[in-house]
Amino acid sequence: MNEFQLIRRYFDRPAPGAVLGVGDDAAILAPAPGMELVVTTDMLVEGRHFFAGTDPASLGHKTLAVNLSDVAAMGARARWATLAVALPAADEAWLAAFSRGFFSLADRHDVDLVGGDTTRGPLTLSVTLIGEVPAGQAIRRDGAVAGDDIWVSGELGGAALAVAARYGRAPDVGLDTLRNAARRLDWPEPRLQLGERLRGLASAALDVSDGLTGDLAHLCERSGVAAELWLSALPCAEALLALRSSAPALFAAGGDDYELCFTAPRAHRAAIEALPAELGLRLTRVGRVAAGEGVRLLDAPDGAPVLLTHTSYDHFR
Ligand SMILES: Nc1ncnc2c1ncn2[C@@H]1O[C@H](COP(=O)(O)OP(=O)(O)O)[C@@H](O)[C@H]1O
Ligand SMILES: Cc1ncc(C[n+]2csc(CCOP(=O)(O)OP(=O)(O)O)c2C)c(N)n1
Ligand SMILES: [Mg+2]
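Predicted, not measured: the structure shown is a model, and the values here were computed from it.

A word on the overall build of the protein chain. Counting secondary structure elements, the protein chain contains eleven helices and ten strands. Summarising its shape, the C-alpha atoms of the protein chain cover approximately 60 × 50 × 35 Å along the three principal directions. Counting all 317 residues of the protein chain, 50% fall into the buried class. When contacts within the protein chain are restricted to residue pairs at least 6 apart in sequence, long-range pairs at least 24 apart make up 85% of them. When the accessible surface of the protein chain is split by element, carbon and sulfur atoms take 52% of a total near 14700 Å². The centroid of the 29 positive side-chain charges in the protein chain is displaced by 3 Å from the centroid of its 40 negative side-chain charges.

The following block contains the structure:
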């Protein structure tokens, strides 16, 4: 199988939402009238973002999911993707599973793969995702205001627990709990439906990739505000509740969650509290925006400060 047979077999699919998809020098896309484009790129590198030997179907899913998560955080709808891969070899079983994982998530969200690049090299997977949002309505990081509530979707900490376990640094939590945590790491679910519903409700948003405290600090910086987070409010799986107080960094600073963190005025509380029933997704109020700068983690509202050894994942620290 040569390079072009590989592309045709595993990555060339019909792209009904594009003017022209895979096969030419570039794809041709036509945004719908009145829409702005949102564009994001994230890559996964073996040994850094995932362990050698990770199930290729989950890699296909996750490489797209982490990008869809950024589009969700903007309140946008995902439309088109490009995929750049460096592969150590043309392993057909690996490629078939990867392609299956990628396209089954793409199909669920009506995303067309419209191009990419394929080279030989250390396993590296990079997606560029293009989405659409009604002009002027994207949810940015710079809109939070003192007094806003801070919300988080889903649950935190499972993925970081799975990573810690693989490095032999996790507390003993039992096999079932660990299996659920590994699912959070390998099969993150991008919160696209939530992102779209948050347009007009959230004042600012981002996705939690590096760890809540550190990611929220970026939002605070862009908005020119401070934030207070409550450890005892951070949502986690029932089986991890005890760990939340004994290993707070897993929840407040562990990465790989791909949940949305957003701020919203108090006046929108009731509307936001109605979303979980509609979306089948937990939404938890985890803190509040204040004047000033920086993120403070307290054990509870008006409680004592919680000290963390780190606030998020950093590639160069
Ligand atoms: N090499 C780069 N060149 C230009 N912009 C970059 C580069 N790397 C990251 N960025 C931009 O810096 C910002 C922060 O990046 P990152 O922390 O990766 O965001 P996210 O967590 O949303 O993926 C984003 O706006 C991203 O597009
Ligand atoms: C083998 C392995 N080691 C460590 C981690 C933890 N980890 C790696 S990258 C990362 C943060 C997210 O990656 P990044 O490239 O910073 O994503 P972005 O913020 O750009 O979306 C985390 C928590 C992991 N998932 N796998
Ligand atoms: Mg990035």
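Take the site of ligand 2 next. The environment of ligand 2 is made up of 15 residues, and the closest members are His49, Tyr167, Ser209, Asp210 and Asp256. One of the side-chain nitrogen or oxygen atoms of histidine 49 is found 2.8 Å away from an oxygen atom of ligand 2. A distance of 2.8 Å is found between an oxygen atom of ligand 2 and a side-chain nitrogen or oxygen belonging to aspartate 210. For ligand 2, the protein covers 87% of the area, taking 590 Å² as the surface of the free molecule. Class assignment for the residues of the shell around ligand 2 results in six nonpolar, five polar and four charged. Each of domain 1 (3-134) and domain 2 (149-298) contributes no fewer than three residues to the shell around ligand 2.

Let us now look at the site of ligand 1. Neighbouring residues of ligand 1: Asp42, Asp70, Arg141 and Ser209. Here an oxygen atom of ligand 1 sits 3.1 Å away from a polar atom, N or O, in the side chain of aspartate 42. In this structure, an oxygen atom belonging to ligand 1 sits 3.2 Å away from a side-chain N or O atom of arginine 141. When ligand 1 sits alone it has 550 Å² of accessible area, and the protein chains cover 25% of it.

This part covers the side chain of serine 99. Of note, serine 99 is situated in helix α3 (residues 92-108). Of note is the side chain of serine 99, whose polar atom sits 2.9 Å from the backbone oxygen of tyrosine 10. In this structure, serine 99 is in contact with Tyr10 and Arg13, ignoring residues within four places of it in sequence.

Residues given the UniProt feature "binding site: Mg(2+) 5" (unreviewed entry) here are Asp210. Along the chain, the position of aspartate 210 falls in the loop between β6 (204-208) and α7 (212-223). Owing to a relative accessible area of 23%, aspartate 210 belongs among the partly exposed residues under this scheme. Sequence-distant contacts of aspartate 210, defined by excluding residues within four places in its chain, comprise Asp215, Ala253, Gly254, Gly255, Ser312 and Tyr313.

Conventions and cut-offs
Throughout, residues of each chain are indexed from 1 in the direction in which the sequence is written. Key to labels: chains lettered from A, ligands numbered from 1, both in the order written. Local features in this predicted model are restricted to residues of pLDDT 70 or higher, and side-chain atom pairs are both shown and tallied only at a pLDDT of 80 or more, whereas totals for entire chains, interfaces and linings draw on every residue. Hydrogens and waters are ignored; side-chain quantities use all the structure's heavy atoms. Per the convention used, a helix needs a DSSP run of H or I reaching at least four residues, while a strand needs a run of E reaching at least two, with both numbered from the N terminus. For each residue, the accessible area found with a 1.4 Å probe, counting protein chains only, is set against the maximum for its type, and the residue is called buried under 20%, exposed over 50%, and partly exposed in between. Only heavy atoms enter the contact rule, under which two residues are in contact if any of them lie within 4.5 Å. The protein chains shown are the only cover counted for residues, whose accessible areas, like all others here, come from Shrake-Rupley with a 1.4 Å probe. Residues scored as positive are Lys and Arg, those scored as negative are Asp and Glu, and His as well as the terminal groups of each chain are ignored. To locate a charge, the coordinates of NZ of Lys, CZ of Arg, CG of Asp or CD of Glu are taken. Note on terminology: near, applied to a residue and a molecule or strand, indicates that one of the residue's heavy atoms is within 4 Å of it. Pairing of N or O atoms within 3.5 Å defines a polar contact, subject to two protein rules: one partner must be a possible hydrogen donor and the other a possible acceptor, and residues neighboring in sequence count only if both atoms are side-chain atoms. Here the term charged refers only to Asp, Glu, Lys and Arg, the term nonpolar to Ala, Val, Leu, Ile, Met, Phe, Trp, Tyr, Cys and Pro, and the term polar to all other amino acids, Gly among them. An automatic or database domain assignment is the source of the domain bounds shown. UniProt positions are given in the numbering used here, feature names are shortened, and annotations may be inferred rather than shown by experiment.

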